[in-house]
Amino acid sequence: MNRSIIQESGKQTPYYAYDISVLKQTIDRARVEANKYDYHIHYALKANSTEPIVREMLHAGFGVDCVSGQEMELALAQGFKSTQIAFAGVGKTDWEIDNAINSGIFTLNVESIEELIVIEERAKSLGKHANVALRINPDVNARTHHYITTGLEENKFGISSWMFDRLFETLGKCNHIEFKGLHFHIGSQIRDLEPFRNLCTRINHLQGVFIDHGYFPSHINAGGGLGVDYDDPDSSSNPDFEAFFGLFDTYLDLHPSQTLHFELGRSLVANCGDLISKIVFVKEGQKTNFLILDAGMTELIRPALYQAFHKIENIEAVSGVNYPYDVVGPICESSDCFGKAVMLPESRRGELVAIRSAGAYGECMANGYNMRTLNPSMFY
Ligand SMILES: Cc1ncc(COP(=O)(O)O)c(C=O)c1O
């Protein structure tokens with residue numbers, strides 16, 4: 001984060017500020033590490049779909065991972081080739097499926113047998129074939145917040161192994177499905193890499209089951225999920241792409257003709273973005289004083305939605321002595337709180353506050369509750 005650029009901009013707060021040099025460095029590190037093994041990265045558009053950021057992903061040569069027809073349209077409009085697009089989601093509608101088939105995307109990542117049947121029907125009626133990867137629920141615990149855990153039996157995502165008999169029976173009747181690969185995504189903000197090691201073990205077993213049934217996956221898609229260090233956004237080793245890709249190289253049994261794909265979101269964009277806000281009031285409280293900001297859960301919902309931690313900095317304070325503050329927004333909800341008893345220098349009305357590492361799942365989740373609108377972002 002470049003404080004002086006932000007201080008001097010005089011921009012209307014709250015707004016998102018993106019440091020494109022940080023983004024480029026992160027992308028570069030990911031690309032170098034993935035290239036060591038010829039792995040393919042699809043940027044998970046859902047993490048942040050602002051145009052300048054998406055453009056950097058395109059220039060890096062990454063593909064994209066989409067979860068809606070709108071994201072797919074955006075990707076195509078931005079210049080991604082249809083063959084670079086993976087499309088996941090448990091509730092794809094007919095128009096989304098038709099668009100995906102007509103565009104000839106890399107894969108529709110199919111999340112249920114019910115969806116597979118509909119895709120077969122749609123492809124047949126369009127007189128085409130649909131490229132399909134089956135999203136398997138590997139029942140691997142990502143050991144992250146339960147709202148961003150996606151690879152457990154109890155989660156709605158993917159096809160579980162107890163359904164395989166019916167799956168193979170259905171696949172056998174599909175004449176308009178091109179089986180391309182297997183897809184997995186166990187969750188997000190995973191910092192301890194052990195769950196990815198467990199995922200590799202599961203993939204090794206599961207792909208054997210498919211091969212035994214005559215379905216050879218020409219690619220494996222291991223999803224995203226690599227976490228970032230929200231405590232220390234400026235750490236240079238953050239996130240550890242080397243360890244991440246190295247782990248898959250060590251533990252995943254990839255067949256010589258297979259390609260390995262990843263859908264990284266947060267790890268690529270979290271650290272390049274900050275939410276910049278102004279202190280509206282410093283309100284006296286009984287235990288701690290409140291810093292009431294002009295940004296709230298409408299601009300950044302992660303703390304309210306899943307108790308996410310973001311480092312908070314007063315970037316204009318003059319005092320060096322720290323005090324505990326409850327940092328809150330202006331929205332009429334008690335969950336509209338960015339942090340409790342946050343140690344900050346003595347803070348005053350009108351000073352700028354940066355909520356750090358907000359580049360992923362920040363701006364894209366902003367909403368209009370209380371009829372609020374988001375100010376244009378800054379890219380520097
Ligand atoms: C299917 C799928 N792939 C990739 C991602 C990206 O995850 P992350 O941002 O943790 O890398 C998500 C996030 O929810 C997802 O649902």
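Residues numbered from 1 in each chain as written. Predicted model: local features only at pLDDT ≥ 70, side-chain atom pairs only at ≥ 80, totals over all residues. Heavy atoms only, no water.

Describing an aromatic ring pair means giving the distance of the ring centres and the angle of the ring planes. As enumerated under the stated definition, the model contains 19 aromatic pairs in all. Where Phe 196 meets Phe 244, the ring centres are 5.0 Å apart and the plane angle is 80 degrees; that geometry is what we call edge-to-face. Here the residue Phe 196 occupies a position in helix H8 (residues 194–212), and Phe 244 occupies one in helix H9 (residues 241–251), the gap between them amounting to 48 residues. Under the relative-accessibility criterion, Phe 196 is labelled buried at 0%. Through pairs of rings, three or more aromatic residues link up here, namely Tyr 37, Tyr 39, Phe 196, Phe 241, Phe 244, Phe 245, Phe 248 and Phe 262. Cation over ring: Lys 11 sits above Tyr 15, and NZ or CZ is 4.9 Å from the ring centre. For the cation-ring pair, Lys 92 lies above Phe 87, with the distance from its terminal atom to the ring centre recorded as 5.5 Å. (Phe/Tyr/Trp six-rings, centres within 6.5 Å; stacked < 30°, edge-to-face > 60°. Helix = DSSP H or I, 4+ residues; strand = E, 2+ residues; numbered from the N terminus. Buried < 20%, exposed > 50% of the residue type's maximum accessible area, 1.4 Å probe, protein only. Lys NZ or Arg CZ within 6 Å of the ring centre and 35° of its normal.)

The next subject is the nonpolar core. Within the largest apolar cluster, 98 residues are counted, with the highest numbers of intra-cluster contacts made by Met 57, Leu 134, Phe 210, Phe 248 and Leu 268. Here the element with the most residues in this core is H8; it accounts for seven residues. Mapping this core onto the domain boundaries places at least three of its residues in each of domain 1 (20–269) and domain 2 (271–379). Residues in contact with Leu 268, not counting those within four places in the same chain, are Leu 23, Thr 26, Ile 27, Ala 30, Ile 41, Tyr 43, Met 57, Phe 62 and Phe 241. Core analysis: the next-biggest nonpolar cluster, separate from the first, contains nine residues, Ile 276, Leu 352, Ala 354 and Tyr 380 among them. (Core = buried A, V, L, I, M, F, W, Y, C linked by side-chain atoms within 4.5 Å. Domains from an automatic or database assignment. Contact = heavy atoms within 4.5 Å.)

Residue placement: Glu 263 occurs in strand S9 (residues 259–264). One buried charge, Glu 263, has no salt-bridge partner; the nearest side chain with opposite charge is Lys 46, at 6.0 Å. A polar contact is formed between the side chain of Glu 263 and the side chain of Asn 221, at a distance of 2.8 Å. Setting aside residues no more than four positions away along its own chain, Glu 263 makes contact with His 42, Ala 44, Asp 65, Ala 86, Asn 109, His 183, Asn 221, Gly 223 and Gly 224. (Lys, Arg positive; Asp, Glu negative; His and termini not counted. Salt bridge = Lys/Arg side-chain N within 4 Å of Asp/Glu carboxyl O. Polar contact = N/O pair within 3.5 Å; in protein donor to acceptor, adjacent residues only side chain to side chain.)

In this section: the packing of H8 against H9. Relative to each other, H8 and H9 sit at 35 degrees, their axes nearing to 10 Å. You can see that H8 and H9 cross each other, and the crossing is right-handed. In contact with Phe 196, Arg 197, Cys 200 and Asn 204 of H8, H9 contributes Phe 244, Leu 247, Phe 248 and Tyr 251. A breakdown of the residues in the contact of H8 with H9 according to their chemical character gives six nonpolar, one polar and one charged. (Axes fitted to C-alpha atoms, helices over the stretch in contact; angles between N-to-C directions. Left-handed = near helix turned anticlockwise from the far one by under 90°. Nonpolar A, V, L, I, M, F, W, Y, C, P; charged D, E, K, R; others polar.)

Domain annotation of the protein identifies domain 1 (20–269) and domain 2 (271–379). Computed from C-alpha atoms alone, the centre-to-centre distance between domain 1 and domain 2 is 33 Å. Here domain 1 packs against domain 2, burying approximately 2000 Å² in sum over the two surfaces, 58% of which is carbon and sulfur. In terms of surface lost to domain 2, no three residues of domain 1 exceed Tyr 230, Pro 233 and Val 269, which account for 29% of the buried area on that side. Connecting domain 1 to domain 2 are one salt bridge. Among the ionic pairs, Arg 356 bridges to Asp 234, the shortest N-O distance being 3.0 Å. Contributing elements (two or more residues each) for the side of domain 1 that touches domain 2: helix H2 (20–35), helix H3 (51–59) and helix H10 (266–269). Of the residues in the side of domain 1 that touches domain 2, the class split is 12 nonpolar, five polar and four charged. (Buried area = accessible area lost by both parts, 1.4 Å probe.)

Turning to the site of the ligand, a few remarks are in order. Looking at the ligand, there are 14 residues lining it, with Ser 188, Gly 225, Glu 263, Arg 266 and Tyr 361 nearest. The contact in question runs from a nitrogen atom of the ligand to an N or O atom on the side chain of Asp 65, over 3.2 Å. Separating a nitrogen atom of the ligand from a side-chain N or O atom of Glu 263 is a distance of 2.6 Å. Summarising the interface, the protein chains cover 91% of the accessible area of the ligand, which totals 400 Å² for the free molecule. Its residues placed into classes, the shell around the ligand shows three nonpolar, six polar and five charged. (Near = heavy atom within 4 Å. Areas by Shrake-Rupley, 256 points an atom, 1.4 Å probe, with all protein chains shown as cover.)

Let us look at unusual backbone geometry. Across the junction of Thr 13 and Pro 14, the peptide omega takes the value -5 degrees, indicating a cis bond. Mapped onto the secondary structure, Pro 14 falls in the loop between helix H1 (3–9) and strand S1 (15–18). Phi at Ala 341 takes a positive value of approximately 45 degrees, unusual for a residue other than glycine. Locating Ala 341 in the fold gives a position in strand S14 (residues 337–345). Ala 341 gets classed as partly exposed once you look at its relative accessible area, which sits at 41%. The phi dihedral of Asn 370 falls on the positive side, at around 65 degrees, and the residue is not glycine. For Asn 370, the position within the fold is in the loop between strand S15 (352–355) and strand S16 (378–379).

This brings us to the sheet that holds strand S3 (residues 63–66). In space, the eight strands of this closed barrel follow the order S2-S3-S4-S5-S6-S7-S8-S9, with parallel pairing throughout. On average, adjacent strands in this sheet sit at an angle of 30 degrees to one another, irrespective of strand direction. Sheet topology places strand S5 (residues 107–110) next to strand S6 (residues 130–135); three bridges connect them, and they run parallel. Bridge pairing in S6 places Val 110 opposite Leu 134. (Pairing = 2+ DSSP bridges.)

On to the side chain of Ser 357. Tracing the sequence through the fold places Ser 357 in the loop between S15 and S16. Looking at Ser 357, the relative accessible area reads 0%, which means it is buried.

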